[in-house]
Each structure stands twice: as C-alpha cells, then as structure tokens.
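Residue strings, one per chain:
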Amino acid sequence: MGHNRCRGFRVGSSRRGKHWGRAGPGSCVHRRGLRPQSGFPPLPTGWGGFLPHNMSEPSVTSRLRLSGLCFLLQTLTILLFAAFVRFSPESSPGLCSQSLNCSQRNQDSGLQHPRFWDVHLQTLLGFGFLMAFLSRYGPGSVAISILVVAFAIQWAVLLQGFLHQFWNGKIHMGAQSMVRADFGAAAALISSGAVLGRVSPEQTLLLTLLGVTLFTLNEYTLLSLLGVSDSGGSVTVHTFGAYFGLMVSRTLRQPHREQREGQQDTGHQADVFAVVGTIYLWIFWPSFASATTAHGNAEPWAVLNTYFSMAASTMATFILSPVLYEESTLRMVQIQDATVAGAAVMGMAGEMLVTPFGALIAGFLAGLIPPLGFRFLTPFLHSRLKIQDTCGVHNIHGLPGVLGALLGTLLAALATADAYSGRLELVFPRVARGSRTRTEQALLQLSALPLSLLLAALGGCLTGLVLRIKGLRSAPTNRYLQNTEVDEEGCEHRKEPGTSTLV
C-alpha cells in the first residue's frame, strides 16, 4: 500500500512540531514500537480530516451541493460582467476619451503586466502551498486554494470596480484591477487557512464571498477615504485576513467534535510543498509587495526592503527554534513561516524610508514571532479563547501585520521632504501637498489597525453564523480533501497516485 501512518498520530494546533495522541496497547503506534507523547488537543476536521474506516462516502446531495453553488456563483458573475465590465481605454493608446479618467494611463500600461504575472503566481503558488502543510490535506487543499482564487478574483474585480473604476455606468478594468483583485484573493486564502479542515468547500466559497466583500470595504475605507499608505497590505491583507479567519473559526467551534476527532501529521509530502512554497515566496513576494507602489525611475524601495526583511526573519528562526524545541534541524514549514512573517511586516513600511538596516531589524523581529507564537500563543488561543488556528495565520500573518502597522506609523511620523528626496509625493501625497501634517498622517496610519480589527471581528462573527446554517454545515462523513485511506486496523495508508479525492 505504500507509505503507512498510524491513526493515533496527530499534531495539535501547532504547525511546527510532531505530537502523539493517546494510543492503546493494540494501536499502530504500539505495534510499531513508537513512543506516544502528550500533545495539544486534536483538531476537528470536516473535509480532508480524520475519517474512521466505517464511515460512508458523502451522499449524492452532499457531492452536488458544491457543484450547484459553483454554478450559481459563476452564473451570477458572468451576468454582472456582461452588464458592467469593459476593458479600460487607458490600456489602449488613442482610445482614451475625455469623459473618462485617464490619469493612470502610464500606471496601467506595459510595466503592470509582468507585475500582475508575479502577483498572480505568488497568490496561486505562494499562498496556495501555505495550506498544504498537512499530509492528509495535501493536493486537495491546493485544489481548494485554486478554487478560492478563481472565484475571489472575479468577485473582487466587480466590487473594486464599482468603487474605483465605475464611470458612465461601466467598470473599466485593466492590469492594475487584476493586481488589486489578487490582493483580495490573498486575504481570502489567509482567512480560509484558519479554518482549514473544518469547513466544506461550499462553506469555503461562501467565506470567500463574504470575506472579499468585507476586504474591499475595509481597503476602500482605509486607502481611499482616509489616505492610509499600505501598499503591501500589512493591515488590509495580512491583519484583516488573519483575524477575520480567526473569528470565523471561533464562531464555528464545535466542542463535541474536538473531543472525538484527531488531526494527522505532517510528513515528507508536507515538506515538499513547503520547499516549493518557500521558493515561490522568495521569488515573487517582492513583486507582490511593490505591485501597487509608484513606478518610474524611482528606486524600488519596497522590493529591496522586502528582500532584506525576509532574509533577517529566516535567520531569526534558525536562531530561536533550536532554543525553544528539542529538534536540532528545522522543518521546511518553519522556514516558510519565517519567510511569510518577514514579508508581512514590510507590507505597510516597504515603500517608506525604512533604510536597509531598519528592514533587517524589522524582519528579525518578525522572524521571532512564528516560533514564539506556535510555542506559547497557539496553545493559549486554543485552550483559553477556544480558537482553532489550523495554519497558524495568527503567528505568520496577523501579528507580523500588526508589527508592520506600528512600524508604518513610526515612519509616517518621521517623514520629511528632505529625507525622502522628492518621493514624499509618491508615498504621502497629502502630506507633500500640505493638506495634512506628519502627525495627522501617523495617527491615521495607526487608526487603520483598530478599524481593520473591528471590521474583521464583526465580519468574522457574522460569516461564522452564516456558515453554521444547517444546510451548510460540514458533515463528518465528507472526504473532500482526504489523501489517505484507513484500514480495518485503524492504520492510514497513502493512496496510490490519482486516487485522492476532492469530492
């Protein structure tokens, strides 16, 4: 049957280490002479989770529910696109009429297309592989990530178009519209990471629908109305996405299932996904962080600062993890977490005057968060606040995003025209024009954090209540993402290639 794993083998809510559940004398653990250890409470799973061998396959209704919801949502988006969405004349030389706002012609021209490709690959592969760290989820979780991105981009283009590019009764979109839509898809992927394994695919789609809607509202309020500078999304993407997902997770909590269901381990397949995901993060995240910043002949501060931050955060993990844990060798998922944290902290401050040594300091501090968080905060969230965080989004997105917001506030308070050498107009246009002081800008940068947290908390609770509707609840018999099978003795076996199931 190939690679075997024991049914009693599980990981708690932490990504970084292996913990063994209780195993009786006749279990696979004892038959193979493996030593059980105490660990965190088991993680309940809906699709792609722990499924005893005597449970039946999903019913026809359950299998067709996802198909019907996808058909409904895709039909809705097609009708809305047909009625409202058109290509922007800005991207076509000579077609820009005076009735349209064509001030962004250069920004939406050829230079944007390679940036869109980088951002799109980052969203699909970088964020997608963040959700594949558990062996049983594996390829199935990547498939669901692609489903989330496929719908989120369409929905975000519509919502953001109505707010930003709606002229003469039509949405005029271009490459920059797709970049902003990818940011919405990234926030949705972060949110779904908090509830991975405990919601069905149809619940994930509805979470995406509501999450992207609230993300767009939050982004429009902060960036357009308040004039906050957050080009890389420390607050709008990472912080909002993480805490929105955590509140959904808290609302969906089912204590009776937590007591009877186990989670499975990380393994070789998870390390392969983590290696690929980490490489894509290093290659494409600097473009992701700088995709919405000003272009031209100016030095790409966001790209450089992001690289320095990711390098320092990776070093920090190698320094701290051996101190906190017994293992002498880091797992790839830990390095992946550090890379994400280092990039998240530069989301707001990346295009500001951080300086190279400042980016290294910020990245180093961000790299300390995942090891400390998984060691101390994640068990606290689970035991005290009853929040299950499957992918650890609180440690690798939420807290680094908060740190990035504080750093951006400090840099806004220190911003001067002399220090920025003419770039102040690009980073803080209202300060450069004299309509706002540095202190006022800094206070607005700081206010973005509580406003995003408030909307994420309220929206997450509302979304969780919607997902708890009886007809949408994930049944314990679903096998949506399972990549293993369980024999009559309770042991798990890797399925042969091509037999893993999505529905």
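Notes on the structure in this doc start here. Since this is a predicted model, take the numbers as computed values, not measurements.

1. Description of the pattern of salt bridges
(1) Moving on: The final tally for this structure, using the stated rule, is 3 salt bridges.
(2) Moving on: The residue R65 makes a salt bridge to E202 at a minimum N-O spacing of 2.9 Å. Of this pair, R65 sits in helix α2 (residues 60-84) while E202 sits in helix α6 (residues 201-225), placing them 137 residues apart in sequence.
(3) Moving on: Here R65 falls in the partly exposed class, since its relative accessible area comes to 28%.
(4) Moving on: We classify E202 as buried; its relative accessible area is 0%.
(5) Moving on: Its salt-bridge partner being R180, residue E219 comes within 1.8 Å of it at the nearest N-O pair. In this pair, E219 sits in helix α6 while R180 sits in helix α5 (residues 175-194), placing the two residues 39 residues apart along the sequence.
(6) Moving on: Given a relative accessible area of 14%, R180 falls into the buried group.

2. A word on the packing of aromatic side chains
(1) Moving on: All chains considered together, the criterion is met by 10 aromatic pairs.
(2) Moving on: Centroid distance F84 to F162: 5.2 Å. Interplanar angle 75 degrees. Geometry classified as edge-to-face. Pair noted here: F84 is in helix α2 and F162 is in helix α4 (residues 138-164), with a separation of 78 residues, a long-range link.
(3) Moving on: Judged by its relative accessible area of 34%, F162 falls in the partly exposed class.

3. Describing the sheet that holds strand β6 (residues 170-173)
Sheet strands pair via backbone hydrogen bonds, and the direction of the pair is either parallel or antiparallel.
(1) Moving on: Judged by pairing direction, the sheet is mixed, and its 3 strands sit side by side in the order β4-β6-β5 without closing on themselves. Each of the sheet's edge strands pairs with one partner strand only, and the pair in question is β4 (85-87) and β5 (166-167).
(2) Moving on: Across 3 bridges, β4 lies against β6 in parallel orientation. Directly across from R86, in β6, lies its bridge partner H172.

4. As for the packing of α5 against helix α7 (residues 234-251)
(1) Moving on: For the pair α5 and α7, the least separation of the axes is 7 Å and the interaxial angle reads 35 degrees. For the crossing formed where α5 meets α7, the hand is right-handed. Where α5 approaches α7, its residues F183, A186, A187, I190, S191 and A194 are matched on the opposing element by V237, H238, G241, A242, F244, G245, L246 and S249.
(2) Moving on: In terms of residue class, the contact of α5 with α7 is made up of 9 nonpolar, 5 polar and no charged.

5. Focus: unusual backbone geometry
(1) Moving on: One non-glycine residue, N168, lies in positive phi territory at about 55 degrees.
(2) Moving on: Following the sequence through the fold, N168 ends up in the loop between β5 and β6.
(3) Moving on: What makes N168 exposed here is its relative accessible area of 59%.
(4) Moving on: Positive phi, normally seen in glycine, also occurs at T355, with a value near 75 degrees.

6. Quick word on the nonpolar core
(1) Moving on: One finds F183, W285, Y420 and F428 to be the most contacted residues of the largest nonpolar core, which totals 95 residues.
(2) Moving on: Look past the residues within four positions of F183 in its chain and what remains in contact with it is V119, F215, S231, G232, V237, F288, A291 and T292.

7. A short note on a nonpolar patch on the surface
(1) Moving on: A grouping of I319, F357, I361, F364 and L365 is seen on the molecular surface, where their side chains present a nonpolar patch of about 480 Å² in accessible area.
(2) Moving on: Relative to the helices and strands, I319 is located in helix α10 (residues 301-324).

8. Thoughts on the environment of S249
(1) Moving on: Structurally, S249 is set in helix α7.
(2) Moving on: Using a relative accessible area of 0% as the deciding quantity, one classes S249 as buried.
(3) Moving on: Distance from S249 to T390, taken between C-alpha atoms, is 9.3 Å for residues 141 residues apart in sequence.
(4) Moving on: Discounting residues that sit within four places of it in the chain, S249 has contacts with A194, V195, R198, I387 and Q388.

Definitions and limits used
- Residues numbered from 1 in each chain as written.
- Predicted model: local features only at pLDDT ≥ 70, side-chain atom pairs only at ≥ 80, totals over all residues.
- Heavy atoms only, no water.
- Salt bridge = Lys/Arg side-chain N within 4 Å of Asp/Glu carboxyl O.
- Helix = DSSP H or I, 4+ residues; strand = E, 2+ residues; numbered from the N terminus.
- Buried < 20%, exposed > 50% of the residue type's maximum accessible area, 1.4 Å probe, protein only.
- Phe/Tyr/Trp six-rings, centres within 6.5 Å; stacked < 30°, edge-to-face > 60°.
- Pairing = 2+ DSSP bridges.
- Axes fitted to C-alpha atoms, helices over the stretch in contact; angles between N-to-C directions.
- Left-handed = near helix turned anticlockwise from the far one by under 90°.
- Contact = heavy atoms within 4.5 Å.
- Nonpolar A, V, L, I, M, F, W, Y, C, P; charged D, E, K, R; others polar.
- Core = buried A, V, L, I, M, F, W, Y, C linked by side-chain atoms within 4.5 Å.
- Patch = residues over 30% accessible without salt bridge, like charges linked within 9 Å, V, L, I, M, F, W, Y side chains within 5 Å.
- Areas by Shrake-Rupley, 256 points an atom, 1.4 Å probe, with all protein chains shown as cover.

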